[in-house]
Amino acid sequence: MSGRHSGSSSGFGRVWTWTVLALTSVVFVVGGWFGVQAVRASGANSCDSLDTVSLAVDTSIAEPVEQILSQADEVARGCVNFEVRPERPTDTATEIAGTDDDRPDLWIPDSTLWLLKTLRSTGALPELAKTSVANTLPILVSSSDAVPVTDTWLSVLQLPGQRIGDPLTSSASNAAILGALAESEVAISDAKAVSAALVPMAQDFGRIADTPHDTPDLVAQVAAEGGTSVATEQALLAYEAGNPGSTLTASVPPTGSYFLNYPLAVTAPAGPEYDRVKQAGTALGSVLATASAAETMVAAGFRTSSGTPLPEGRGVGPVASLEIKNPLSIETTLRDWAVLALPLRTLVVEDVSGSMAARSGDSTRIALTVDASVGANDLFSDQTQMGLWAFSIGLGGGKQDYRELVPLGPVSNTFDGKPQRQAILDAIRGLPSLVGGGTGLYDTTLAAFRRVKEGYDPDYVNSVIILTDGANEDEGSISLDQLLASLQKEQDPVRPIVIITVGVTGDADPVALQQISAVTGGTSYVAEDPRDIPEVFVKALNSRTERLAGE
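Computed from a predicted structure; not experimentally measured. (Residues numbered from 1 in each chain as written. Predicted model: local features only at pLDDT ≥ 70, side-chain atom pairs only at ≥ 80, totals over all residues. Heavy atoms only, no water.)

J.: Please provide a residue-by-residue account of the overall build of the protein, values included.
T.: Across its full length, the protein holds 20 helices and 19 strands. Taken across its 551 residues, the protein has 55% of its residues classed as buried. Considering only intrachain contacts with a sequence separation of at least 6, the fraction spanning at least 24 residues in the protein is 78%. Per element, the accessible surface of the protein, about 22,300 Å² overall, is 50% carbon and sulfur. (Helix = DSSP H or I, 4+ residues; strand = E, 2+ residues; numbered from the N terminus. Buried < 20%, exposed > 50% of the residue type's maximum accessible area, 1.4 Å probe, protein only. Contact = heavy atoms within 4.5 Å. Areas by Shrake-Rupley, 256 points an atom, 1.4 Å probe, with all protein chains shown as cover.)

Put into structure tokens, the structure is as follows:
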């Protein structure tokens, strides 16, 4: 493997300060329970009998753990047979949170993060028999002829077409995001930029969620298709071991990386058997701390628990350790991802009133809005359901102020003989031909809200995005108070419709737009210059998370 890295030598750094504080109370140090309890066979050369203890192990490290246990004699194992269960950490966490008999006695996840997740589900942190049995770190994998320059983890996340797994289930993917957040805490990057980078990534992940996206899968995809992916040092080394002659390259931003520490936790339920399992845990921790165990881990591509770089030039060499100081940023980021990865079902409603013909620099408001809207279309994944309306007073005929240009539906549909997405793009480009008349904002807003509500889909974020440069001018329409009252009355908290408003230039009515958005749990923005609309679209997509934040 061709490795490329920067940064000072640090080895495996500390587990996050706040995590250590949380776990210190449950880790038994020298002099504590684990430090003084002797295995049943202490001083003996054999075991009279063998206990059986179940051990759930993250799939990435299960093979070397099984190999180490197979080479350890019964006495060294504390007279215990460990039933190793290679499992995804999501499955183990579910078992621990449940009440059935599948709960393992001991658990080696790939990161302390998983122990914190069990705290949320069970109300208690598992005790630790060993804080780390091995570790690895997230890296950027690319083909050797197309290695991108990445100065930070933020720049990694911003790479076009970047492959990343689900940070809700993949610690490697989560660690890459946490690395970017750690950088923002020391002003290397901007937390808002990290959030913005997640929008297209989460949308794209929603498109591939049903395809293989575990870390080894992503490495294989880079090898087969090119591009880049977030993976781990160990996963890349494992791929290269099975594929001699691989030309993949690993790199790490010079800012460092967040290490995955593979703790050994006691997860047996409280009861008469708990002390027996704790004793087995300390014996297992001792076995995994031996020199021969370290050799096995290193051979499998893992760094030892001390984080020492792999020998013989393997891997990416010395890498500084990044920390997260604010634990709330972890919760917020994962919650935001969960919402952002949901596909979007939205009705885009664009103002074509006469004022949109006003000059803006060397162009017009409508021309710049069209350009920005066409560009922003790329932000919506292929799973999106989208429709397009235009509005000005009487545009729809009679007293109807809106005209449906493309009905709300999947962008993969066909409309008017062409793909839905292309039909929307063509209709956007045709908006200038519709410009004229006054601004019929209020009636249009209520009609759009009702249209989205009619076909509400619980598997999507259901929303209306309204772009307008003016205040309501339809004297025959409902009033603002009537609109707000109707939205509030018709909003179903179990089936919410979010209205996002975008004021195009300062001529819009920011107070009214803000009130319209707020009553539905949405957000309002003002693009002082129509050229700002692409950025506003990113914010609009990201604003979906604000509703969840308030729940």
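From this point, the narrative continues.
J.: Break down the packing of helix α17 (residues 480-490) against helix α18 (residues 510-519) for me, with residues and values.
T.: Contact geometry of α17 with α18 gives a least axis separation of 9 Å together with a crossing angle of 15°. The angle between the axes of α17 and α18 places the two elements in the roughly parallel class. As for how α17 packs across α18, the hand of that crossing is right-handed. Residues L480, L483, L484, L487 and Q488 of α17 lie in contact with α18, whose contacting residues are A512, Q515, I516 and V519. By residue class, the composition of the contact of α17 with α18 is seven nonpolar, two polar and no charged. (Axes fitted to C-alpha atoms, helices over the stretch in contact; angles between N-to-C directions. Parallel < 35°, antiparallel > 145°, perpendicular 65-115°, else oblique. Left-handed = near helix turned anticlockwise from the far one by under 90°. Nonpolar A, V, L, I, M, F, W, Y, C, P; charged D, E, K, R; others polar.)

J.: Break down the sheet that holds strand β10 (residues 344-351) for me, citing the residues and quoting the values.
T.: The sheet built from six strands is open, its strands ordered β14-β13-β10-β17-β18-β19 with mixed pairing. Looking at strand neighbours, the two that pair on one side only are β14 (402-410) and β19 (524-527), the edges of this open sheet. Mean inter-strand twist for the sheet, computed between neighbouring axes without regard to direction, equals 15°. Note that β10 and strand β17 (residues 461-468) share seven bridges and pair parallel. Within the sheet, the bridge partner assigned to L347 lies in β17 and is V464. With respect to the sheet, helix α15 (residues 420-429) is in contact with β10, β13 (385-391) and β14, its orientation differing from that of β14 by roughly 160°. (Pairing = 2+ DSSP bridges.)

J.: Help me get a handle on the environment of L178, residues and values and all.
T.: Turning to its location among the elements, L178 is positioned in helix α7 (residues 171-185). Residue classification places L178 among the buried positions, given a relative accessible area of 1%.

J.: Give a detailed account of the sheet that holds strand β2 (residues 51-58), specifying residues and quantitative values.
T.: The mixed open sheet is built from five strands, whose spatial order is β3-β2-β4-β9-β5. Of all strands in the sheet, those with a lone pairing partner are β3 (80-87) and β5 (127-130), marking the two edges. Adjacent strand axes in the sheet meet at a mean angle of 30°, parallel and antiparallel pairs treated alike. The pairing of β2 with β3 spans eight bridges and is classified as parallel. Bridged to S54 within β3 is E83. Those strands touched by helix α11 (residues 274-288) are β2, β3, β4 (106-108), β5 and β9 (264-266), and its axis lies near 170° from that of β9.

J.: Got a sec to walk through the packing of aromatic side chains? Specific residues and values, please.
T.: Here a ring pair, both rings aromatic, is described through the centre-centre distance and the interplanar angle of the planes. Inspection of every chain in the model, using the stated rule, returns two aromatic pairs. Ring geometry for Y262 against F302: centres 5.4 Å apart, planes inclined by 85°, an arrangement best described as edge-to-face. In this pair, Y262 sits in the loop between β8 (248-252) and β9 while F302 sits in the loop between α12 (291-299) and α13 (327-340), placing the two residues 40 residues apart along the sequence. The exposure class of Y262 is buried, given its relative accessible area of 2%. Consider the rings of W389 and Y402, whose centres lie 4.1 Å apart with planes at 5°: the pair is stacked. Of the two residues, W389 sits in strand β13 while Y402 sits in strand β14, which places them 13 residues apart along the sequence. The pair W389 / Y402 is uniform in exposure class, with both members buried. (Phe/Tyr/Trp six-rings, centres within 6.5 Å; stacked < 30°, edge-to-face > 60°.)

J.: I'd like a description of the side chain of Q385, backed by residues and values.
T.: Tracing the backbone shows Q385 in strand β13. Sequence-distant contacts of Q385, defined by excluding residues within four places in its chain, comprise L344, R345, T346, L408, G409, P410, D457 and Y460.

J.: So, unusual backbone geometry: which residues are in play, and what are the values?
T.: The phi dihedral of D416 is positive, around 55°, even though this residue is not glycine. Among the secondary structure elements, D416 is positioned in the loop between β15 (414-415) and β16 (418-419). Phi at T505 is positive, roughly 75°, even though this residue is not glycine.

J.: Explain the pattern of salt bridges to me, using residue names and the numbers behind them.
T.: Following the criterion strictly, the structure yields 14 salt bridges and no others. E273 is paired through a salt bridge with R276; the nearest N and O atoms lie 2.6 Å apart. Judged by its relative accessible area of 43%, E273 is partly exposed. Among the residues examined, R276 registers a relative accessible area of 27% and is labelled partly exposed. The residue D469 makes a salt bridge to R365 at a minimum N-O spacing of 2.7 Å. One end of the pair, D469, is in the loop between β17 and α17; the other, R365, is in helix α14 (residues 365-376), with 104 residues separating them in the sequence. Residues participating in the shared-partner salt-bridge network are R85, E87 and E95. (Salt bridge = Lys/Arg side-chain N within 4 Å of Asp/Glu carboxyl O.)

J.: Explain the environment of A372 to me, and be specific about the residues and the numbers.
T.: With respect to the secondary-structure elements, A372 resides in helix α14. In this structure A372 comes out as buried when scored by relative accessible area, which is 6%. For the pair A372 and V536, spaced 164 residues apart in sequence, the C-alpha to C-alpha distance is 9.8 Å.

J.: Run through the environment of Y456, naming residues and quoting values.
T.: You can see Y456 is positioned in the loop between α16 (441-454) and β17. Distance from Y456 to R495, taken between C-alpha atoms, is 7.1 Å for residues 39 residues apart in sequence. Among all residues touching Y456, those that are not within four sequence positions of it are R345, N462, V494, R495, P496 and I497.

J.: Break down the packing of helix α9 (residues 215-225) against helix α10 (residues 233-242) for me, with residues and values.
T.: Direction vectors running N to C along α9 and α10 enclose 55°, while the axes themselves pass 9 Å from each other. Considered as vectors, α9 and α10 are oriented oblique to each other. When the axes of α9 and α10 are compared, the crossing they make is right-handed. Contacts between α9 and α10 involve T215, V219, A220 and A223 from the former and A235, L236 and Y239 from the latter. Along the lines of polarity and charge, the residues of the contact of α9 with α10 split into six nonpolar, one polar and no charged.

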